Amino acid sequence: MASSSSSSLLPLLLLLLLLALISPHAASPVPASDLLGAAREPGLAAWLRGVRRRIHQHPELAFEEYRTSELVRAELDAIGVSYSWPVAKTGVVAKIVGGAGAGPVVALRADMDALPLQELVDWEYKSQESGKMHACGHDAHTSMLLGAAKLLQSRKDDIKGTVKLVFQPAEEGYAGAYHVLEEGILDDVSAIFGLHVDPSLPVGTVASRPGPFMAASGRFFVTFIGKGGHAASPHHAVDPIVMASSAIISLQTIVAREIDPLQAAVISVTFVNGGDAYNVIPETVSFGGTFRSLTTEGLSYLKKRIKEIIESHAIMNRCIATVDFMEEERRPYPATVNDKGMYDHARAVAGAMLGEDNVKVTDPIMAAEDFSYYAQRFPAAFFMIGIHDEAMTTGVHPLHSPNFVIDEGVLPVGAAFHAAVAMEYLNKRTTTST
């Protein structure tokens, strides 16, 4: 009896084994090192350089990325990837659905806008747009995400879900991420990943940290209105220069005496305007700057105290003062906080691809990023990626410098890192759900 039962079960077991082998959920994950090797193939690497150089030659400012958007769409069309456009005026959101069907959705993001800077680097692909330059590496970000699109589309059958590729406008001060989210096109996303170039890191290295990573930031513009007069008779005037000077010093005491020394905060006054004659006390003085904290709550406290100090100085000095935080024109950025689970995932992918020694844990950064809006909505990870090569003849120049350069060897690394993070994330989600 036992022998007969075993023989009757054998065909069923063989059928189950066959179904498991042909099931799309059983497909072997594509190793991260294989993606990096594919991205470094001469043809793809040359294509990435060409795309980046075309973007670099024609930089466009926030919400003006029409030509860049057109290039992105043309390349997506050539790859065979569908997309939605326009998103947030000039943005593009592409979508790659895996062979196993829609499944969970993960997003990858790159920003596209440039800076109002005159490029001083003398090279063949120098900016052709006067007063505009890709000095923050967004041309590289866009190229790397297009490279990821190529890698993912060619491995579509191995993708166990959906990847959305967000080509975002207006990161530089105009909160493009906020406007992308407002359109609802990412409402089905489960997690998001982004990269930013870092000239302090060598090519082949990435860095990040779990938790608070980049600062929340806001701007302020202050105007003191006094009473103008002859500089020889200050008692007949109400001098706004003295008041503004006193207020600027008082603002520095907020960080020095009100913030926990173990918490990061910055208030920087970056410009002062008032008067244009040697013997005239002006009617008005204006100044402005930035305030930053590693927590969104800390940013709110700094804002409150800036307003209180300016208004109290006005009362004390018999003048009128206004504080404009410019929140309508330039929305303040929240802190960028990396989700621990998503950070661990991206770090593991980077370790497998680049080697553990090339994955660094970095200190928090007081620069701000509108990727923070995505991180408020979904589990998110944001990493810095190295662009410096010791063999380069040019020196290392910081972001936002008119002399900023990158080693284009970063492009295949970033493309592969993007693709591997997305594919491995979907592999894990599918395995967990099944």
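The notes below deal with the structure included here.

Conventions adopted
- Residues numbered from 1 in each chain as written.
- Predicted model: local features only at pLDDT ≥ 70, side-chain atom pairs only at ≥ 80, totals over all residues.
- Heavy atoms only, no water.
- Salt bridge = Lys/Arg side-chain N within 4 Å of Asp/Glu carboxyl O.
- Helix = DSSP H or I, 4+ residues; strand = E, 2+ residues; numbered from the N terminus.
- Buried < 20%, exposed > 50% of the residue type's maximum accessible area, 1.4 Å probe, protein only.
- Pairing = 2+ DSSP bridges.
- Axes fitted to C-alpha atoms, helices over the stretch in contact; angles between N-to-C directions.
- Contact = heavy atoms within 4.5 Å.
- Phe/Tyr/Trp six-rings, centres within 6.5 Å; stacked < 30°, edge-to-face > 60°.
- Lys NZ or Arg CZ within 6 Å of the ring centre and 35° of its normal.
- Expected span 1.5 Å × (residues − 1).

1. Quick word on the pattern of salt bridges
Alright, step 1. Scanning all chains against the criterion turns up 17 salt bridges.
Alright, step 2. For aspartate 188, the salt bridge is made with lysine 164, and the minimal N-O distance between the two is 2.9 Å. Taken together, the residues aspartate 188 in the loop between helix H6 (176-182) and strand E5 (191-202) and lysine 164 in strand E4 (residues 162-168) connect sequence positions 24 residues apart.
Alright, step 3. Look at aspartate 188 and you get partly exposed, because its relative accessible area is 42%.
Alright, step 4. Its salt-bridge partner being aspartate 344, residue lysine 340 comes within 2.7 Å of it at the nearest N-O pair. Of this pair, lysine 340 and aspartate 344 both sit in helix H9 (residues 340-354), 4 residues apart, which is roughly one turn of the helix.
Alright, step 5. Judged by its relative accessible area of 34%, aspartate 344 is partly exposed.
Alright, step 6. Through salt bridges with shared partners, a single network forms among Arg52, Arg53, Asp139 and Glu408.

2. Brief notes about the pairing of strand E8 (residues 216-225)
Alright, step 1. E8 sits mainly inside the fold: 7 of its 10 residues count as buried.
Alright, step 2. Bridging between E8 and strand E12 (residues 284-293) involves 10 bridges; their strand directions are antiparallel. Considered in E12, the bridge of isoleucine 225 is made with threonine 284.
Alright, step 3. Note that E8 and strand E13 (residues 320-324) share 5 bridges and pair antiparallel. From the neighbouring strand, phenylalanine 221 faces E13, where its bridge partner is aspartate 324.

3. Quick notes on the sheet that holds E12
The strands that make up a sheet are held in pairs by hydrogen bonds between backbone atoms, and each pair lies either parallel or antiparallel.
Alright, step 1. Here 4 strands make up an open sheet; going across it, the order is E10-E12-E8-E13 and the pairing antiparallel. Both outer strands of the open sheet, strand E10 (265-273) and E13, are each paired with one neighbouring strand and no more. In this sheet, adjacent strand axes meet at a mean angle of 20° when their direction is disregarded.
Alright, step 2. Along the sheet face, helix H7 (residues 240-258) touches E8, E10 and E12 and points at about 165° away from the line of E10.
Alright, step 3. Relative to the sheet, helix H8 (residues 296-316) contacts E8, E10, E12 and E13, its axis offset from that of E12 by approximately 160°.

4. Points about the environment of lysine 360
Alright, step 1. Residue placement: lysine 360 occurs in strand E15 (residues 359-361).
Alright, step 2. Judged by its relative accessible area of 38%, lysine 360 is partly exposed.
Alright, step 3. When the C-alpha atoms of lysine 360 and arginine 209 are compared, they prove to be 8.3 Å apart, with 151 residues separating the residues in sequence.
Alright, step 4. Not counting residues within four places of it along the chain, the set of residues in contact with lysine 360 comprises Thr205, Val206, Ala207, Ser208 and Arg347.

5. Some words on the sheet that holds strand E1 (residues 82-87)
Alright, step 1. Pairing within the open sheet is mixed, and its 8 strands lie in the order E1-E2-E4-E3-E5-E16-E6-E15. Every other strand in the sheet has two partners, leaving E1 and E15 as the edge strands with one partner each. Taking the axes of each pair of neighbouring strands and ignoring which way they run, one obtains an average angle of 25° across the sheet.
Alright, step 2. By the bridge criterion, 4 bridges tie strand E3 (residues 105-111) to E5 in an arrangement that is parallel.

6. As for the environment of arginine 67
Alright, step 1. Summarising the element assignment, arginine 67 is placed in helix H4 (residues 66-79).
Alright, step 2. Arginine 67 sits in the partly exposed class, given a relative accessible area of 48%.

7. Describing the packing of aromatic side chains
Alright, step 1. Summed over all chains, the structure comprises 13 aromatic pairs.
Alright, step 2. Between the aromatic rings of phenylalanine 193 and phenylalanine 383, the centroid separation amounts to 6.0 Å while the plane-to-plane angle is 45°, which identifies the pairing as tilted. A residue pair is termed long-range when its members are at least 10 positions apart, and phenylalanine 193 in strand E5 and phenylalanine 383 in strand E16 (residues 380-388) qualify at 190 residues. Across this residue pair, the class does not change: phenylalanine 193 and phenylalanine 383 are buried.
Alright, step 3. Between the aromatic rings of phenylalanine 220 and phenylalanine 291, the centroid separation amounts to 6.3 Å while the plane-to-plane angle is 45°, which identifies the pairing as tilted. Of the two residues, phenylalanine 220 is situated in strand E8 and phenylalanine 291 in strand E12; the sequence distance between them amounts to 71 residues. Of the two residues, phenylalanine 220 and phenylalanine 291, neither departs from the other in class, the shared state being buried.
Alright, step 4. One aromatic cluster in this structure is built from Phe193, Tyr343, Phe383 and Phe417.
Alright, step 5. Across from the ring centre of phenylalanine 325, 5.3 Å away, lies the NZ or CZ of lysine 303, which sits over that ring.

8. Re helix H5 (residues 138-154)
Alright, step 1. Here H5 contains 17 residues, and its C-alpha end-to-end distance of 24 Å stays within 8% of the 24 Å for a straight helix at 1.5 Å per residue.
Alright, step 2. Most of H5 is tucked away, with 15 of its 17 residues classed as buried.

9. Points about the side chain of threonine 162
Alright, step 1. Along the chain, threonine 162 falls in strand E4.
Alright, step 2. The contacts of threonine 162, once residues within four sequence positions are left out, are Lys95, Ile96, Val97, Ala102, Pro104, Val105, Val106 and Leu426.

10. A short note on unusual backbone geometry
Alright, step 1. Proline 86 follows tryptophan 85 through a cis peptide bond whose omega is -5°.
Alright, step 2. Mapped onto the fold, proline 86 is located in strand E1.
Alright, step 3. In this model, phenylalanine 63 sits at a positive phi of 65°, which is unusual for a non-glycine residue.
Alright, step 4. By the element assignment, phenylalanine 63 lies in the loop between helix H3 (42-57) and H4.
Alright, step 5. Positive phi, normally seen in glycine, also occurs at lysine 89, with a value near 80°.
Alright, step 6. Along the chain, lysine 89 falls in the loop between E1 and strand E2 (91-97).

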